[in-house]
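One-letter residues, chain by chain:
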Amino acid sequence: MVKPGGICPAAGPWKAACSIADIHRMPYFSRLILFLFCLVVLVESRKPKKRRWTGQLETSKPSHLYKKNPDMTKIRHGKPQPLLRVDDHDFTMRPAFGGPAIPVGVDVQVESLDSISEVDMDFTMTLYLRHYWKDERLAFPSASNKSMTFDGRLVKKIWVPDVFFVHSKRSFIHDTTTDNIMLRVFPDGQVLYSMRITVTAMCNMDFSHFPLDSQTCSLELESYAYTDEDLMLYWKNGDESLKTDEKISLSQFLIQKFHTTSRLAFYSSTGWYNRLYINFTLRRHIFFFLLQTYFPATLMVMLSWVSFWIDRRAVPARVPLGITTVLTMSTIITGVNASMPRVSYIKAVDIYLWVSFVFVFLSVLEYAAVNYLTTVQERKERKPQEKLPCTCGLPQPRAVLLDGSYSDGEVNDLGNYTPENGDKPDRMMVQLTLASERSSPQRKSQRSSYVSMRIDTHAIDKYSRIIFPAAYILFNLIYWSIFS
């Protein structure tokens, strides 16, 4: 490795070889000192250097192949420099305190209409409520002009609008898996505050046309502490500030439209406040009530008319039929009123049910009148027969037992008889002379024709078969033309 002649050249590859050879010839102690010196020089070269005149540290520029984004959340030693100077301001005061009213824009996205209660006269809605305002105390420098997003923990440290729901019964902010609150701050101090809320609010409903009704409900938003001189609450984009999910549907109602309005609300003790309204109109589905209320009531009325075609002497058939229809109508009326609030005015369904009940009750009274007039007529026909002479010389007649369920033909076919005690009992003994009738076929044919001519119903039953259906049809035409 050493050039012949024992002389090392001043440069070239032979110089390094000569140096290595010299090191090997050095004693062990000298080599150790040289190694330590080289190690110290290497460590010093790794330390950052200061500039000669400024005294600042010289840092190496990152390579263009790999550039790491700075970590804004990293805690640096020394005096901290937070982006949001929350501790430098008093956020218990509104922005621009003492100046003009701060404008706070609002928009809402309705997620669902959970329920509509007629008994409690309220509704439950889940929505996303968003506020927009500017607070210069939250402004921060940013080269990229990008916003920063925070969760609900920062909300407790800054000022936010104190919006509440007027006429609300219950409301809460969802907290699964964490509080559903979002706060977004822009470099110029613009703030977006969003939260997911479920609220149950009162709805003044008018049931005068129930169940053929339409209801208009409102969800009202208002600042609790700040009057219109301190906080101006407004819809950020007009009617476009209210958005709904297309999949919203209710079992009993058809959602016709959503719209927004705003006005001033006055309180005698505190002053004027800006109030925002979320209005929505609901129209009730009628098909459910047709199946559960109107059709059963109509069938009960028609069933009561069947008694007009039953023999007027068939008391066990006509009386239970009338009582059954009356009790069924009472059950239908009770079931409908149980699911409705106790209002002091008449509803449309009450008119229909009570008129149907009157028709059913009149059919029972109709049979009472028919039965009474029939009894009076029979008593008048019985008096001339009591004055007839006694037929002592005739052959002994045969006794036949008849109960109260005989027809007109059988009664008219009877011969002369004498009732016991002058009154018609439930079971009477009738004397029939059948000797001459059995011997003559011609007599039988005359009797059959006579019986067929005498089988008829009372005049009241005949008129009721026409008057009752005609009157009920007329009532339905008037009812549906008014309320539909």
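Everything quoted here is computed from the prediction, not taken from an experiment. (Residues numbered from 1 in each chain as written. Predicted model: local features only at pLDDT ≥ 70, side-chain atom pairs only at ≥ 80, totals over all residues. Heavy atoms only, no water.)

Next up on the list: the nonpolar core. Core analysis: the biggest nonpolar cluster contains 78 residues, and Val108, Phe123, Leu129 and Leu219 have the highest contact counts within it. Each of domain 1 (102–284) and domain 2 (288–378) gives at least three residues to this core. (Core = buried A, V, L, I, M, F, W, Y, C linked by side-chain atoms within 4.5 Å. Buried < 20%, exposed > 50% of the residue type's maximum accessible area, 1.4 Å probe, protein only. Domains from an automatic or database assignment.)

Moving on, we come to the packing of aromatic side chains. Centre-to-centre distance and the angle between the planes together describe a pair of aromatic rings. A complete count under the given rule lists 27 aromatic pairs for this structure. Their ring planes at 75° and their centres at 5.1 Å tell us that phenylalanine 359 and tyrosine 472 sit as a pair that is edge-to-face. Of the two residues, phenylalanine 359 sits in helix H5 (residues 348–386) while tyrosine 472 sits in helix H9 (residues 459–483), which places them 113 residues apart along the sequence. The structure contains a cluster of three or more aromatic residues connected by ring pairs, namely Tyr294, Trp305, Phe308, Tyr352, Phe359, Phe468, Tyr472, Phe475, Tyr479, Trp480 and Phe483. Above the plane of the ring of tyrosine 132 lies lysine 236, whose end atom (NZ or CZ) is 4.8 Å from the centre. (Phe/Tyr/Trp six-rings, centres within 6.5 Å; stacked < 30°, edge-to-face > 60°. Helix = DSSP H or I, 4+ residues; strand = E, 2+ residues; numbered from the N terminus. Lys NZ or Arg CZ within 6 Å of the ring centre and 35° of its normal.)

Okay, unusual backbone geometry next. A cis geometry characterises the amide bond from threonine 176 onward to threonine 177, with omega recorded as 0°. Here the amide bond leading from phenylalanine 210 into proline 211 is cis, since omega sits at 0°, within 30 degrees of zero. Even without a glycine there, the phi angle at alanine 96 is positive, about 55°. In this model, methionine 121 sits at a positive phi of 55°, which is unusual for a non-glycine residue. With respect to the helices and strands, the residue methionine 121 is situated in the loop between strand E3 (102–117) and strand E4 (122–134). Judged by relative accessible area, which is 24%, methionine 121 ranks as partly exposed.

So, about the packing of helix H3 (residues 287–304) against helix H4 (residues 315–338). In contact at an axis separation of 9 Å, H3 and H4 are set at 165° when each is read in the N-to-C sense. Between H3 and H4, the interaxial angle falls into the category roughly antiparallel. Crossing angle aside, the handedness with which H3 passes H4 is left-handed. Contacts from Thr293, Pro296, Ala297, Met300, Leu303 and Ser304 of H3 reach H4 at Leu321, Thr325, Thr328, Met329, Ile332 and Val336. (Axes fitted to C-alpha atoms, helices over the stretch in contact; angles between N-to-C directions. Parallel < 35°, antiparallel > 145°, perpendicular 65-115°, else oblique. Left-handed = near helix turned anticlockwise from the far one by under 90°. Contact = heavy atoms within 4.5 Å.)

Before going further, it helps to spend a moment on the sheet that holds strand E13 (residues 253–267). The strand order E6-E10-E14-E13 describes an open sheet built from four strands, whose pairing is antiparallel. On the outer flanks of this sheet lie strand E6 (163–166) and E13, each paired with one strand and no other. The sheet shows a mean angle of 25° between the axes of neighbouring strands, taken without regard to direction. Judged from the nine bridges that link them, strand E10 (residues 214–223) and strand E14 (residues 271–284) form a sheet pairing that is antiparallel. Bridging from a neighbouring strand, serine 214 pairs with arginine 283 of E14. (Pairing = 2+ DSSP bridges.)

Once that is clear, we can look at the UniProt feature "transmembrane region" (unreviewed entry) in the protein chain. What UniProt calls "transmembrane region" (unreviewed entry) maps, in this numbering, to residues 286–310, 351–373 and 463–482. The annotated region residues 351–373 carries 100% helix and 0% strand content, and the separation between its end C-alpha atoms amounts to 32 Å. Secondary structure across residues 463–482 divides into 100% helix and 0% strand, with the first and last C-alpha atoms of the span separated by 29 Å. (UniProt positions renumbered as here; feature names shortened; annotations may be inferred.)

This part is about the packing of H3 against H9. Contact pair H3 / H9: the axes reach a minimum separation of 12 Å and the direction vectors enclose 155°. Judged by the inter-axis angle, H3 sits roughly antiparallel to H9. Like other packed secondary-structure pairs, H3 and H9 cross with a definite hand, here right-handed. Counted together, Leu290, Tyr294, Ala297, Thr298 and Val301 of H3 and Tyr472, Tyr479 and Trp480 of H9 form the full contact between these two elements. Split into classes, the residues belonging to the contact of H3 with H9 amount to seven nonpolar, one polar and no charged. (Nonpolar A, V, L, I, M, F, W, Y, C, P; charged D, E, K, R; others polar.)

Right, let's talk about the side chain of arginine 137 for a bit. By the element assignment, arginine 137 lies in the loop between E4 and strand E5 (148–150). Taking relative accessible area as the criterion, arginine 137 reaches 15% and is therefore assigned buried. At a separation of 3.1 Å, a polar atom in the side chain of arginine 137 contacts the main-chain carbonyl oxygen of methionine 93. A distance of 2.9 Å separates a polar atom in the side chain of arginine 137 from a polar atom in the side chain of aspartate 135. Setting aside residues up to four positions removed in sequence, arginine 137 forms contacts with Arg85, His89, Asp90, Phe91, Met93, Arg94, Pro95 and Trp159. (Polar contact = N/O pair within 3.5 Å; in protein donor to acceptor, adjacent residues only side chain to side chain.)

We now examine H4. Taking 1.5 Å per residue as the helical rise, H4 with its 24 residues ought to reach 34 Å, and the 35 Å between its terminal C-alpha atoms agrees with that figure. Among all positions in H4, only Arg318, Leu321, Gly322, Thr325, Val326, Met329, Ile332, Ile333 and Val336 are buried. (Expected span 1.5 Å × (residues − 1).)

Let us now look at a nonpolar patch on the surface. A cluster of nonpolar side chains, Tyr28, Leu32, Phe35, Leu36, Leu39, Leu42 and Val43, forms an exposed patch at the surface whose accessible area comes to about 720 Å². With respect to the helices and strands, tyrosine 28 occurs in helix H2 (residues 28–46). (Patch = residues over 30% accessible without salt bridge, like charges linked within 9 Å, V, L, I, M, F, W, Y side chains within 5 Å. Areas by Shrake-Rupley, 256 points an atom, 1.4 Å probe, with all protein chains shown as cover. Salt bridge = Lys/Arg side-chain N within 4 Å of Asp/Glu carboxyl O.)

Let us now look at the pairing of strand E9 (residues 190–202). A large share of E9 lies buried, amounting to 10 of its 13 residues. Summarising the sheet, E4 and E9 pair through 13 bridges and their orientation is antiparallel. The partner of threonine 126 across the bridge, within E9, is threonine 198. Note: strand E7 (residues 168–173) against E9, five bridges, orientation antiparallel. Of the residues in E9, the one forming a bridge with serine 168 is alanine 201. Here strand E8 (residues 181–185) folds back onto E9, and the loop between the two strands holds four residues, one of which, glycine 189, carries a positive phi near 100°.

On to the pattern of salt bridges, then. For the structure shown, the criterion picks out 14 salt bridges. Here arginine 284 and glutamate 118 are joined by a salt bridge, their closest N and O atoms 2.6 Å apart. Residue arginine 284 is found in strand E14, and its partner glutamate 118 is found in the loop between E3 and E4; the two are separated by 166 residues along the sequence. For the residue pair arginine 284 and glutamate 118, the accessibility class agrees, reading buried in each case.

Right, let's get into H3. In this model, H3 (18 residues) spans 25 Å end to end at C-alpha, consistent with the 26 Å of a helix rising 1.5 Å per residue. Its maximal kink placed at tyrosine 294, H3 deviates by approximately 35°, while the proline proline 296 follows within four residues. Listed as buried for H3 are Phe289, Leu290, Thr293, Tyr294, Ala297, Thr298, Met300, Val301 and Ser304. (Bend = angle between axes of the 7 residues up to and from the residue.)

With that settled, the discussion passes to the environment of phenylalanine 150. Tracing the backbone shows phenylalanine 150 in strand E5. Spatially, the C-alpha atom of phenylalanine 150 lies 6.2 Å from that of arginine 184, the residues being 34 residues apart in sequence. Every residue in contact with phenylalanine 150, bar those within four places of it in the chain, is listed here: Leu84, Ile181, Met182, Leu183 and Val185.

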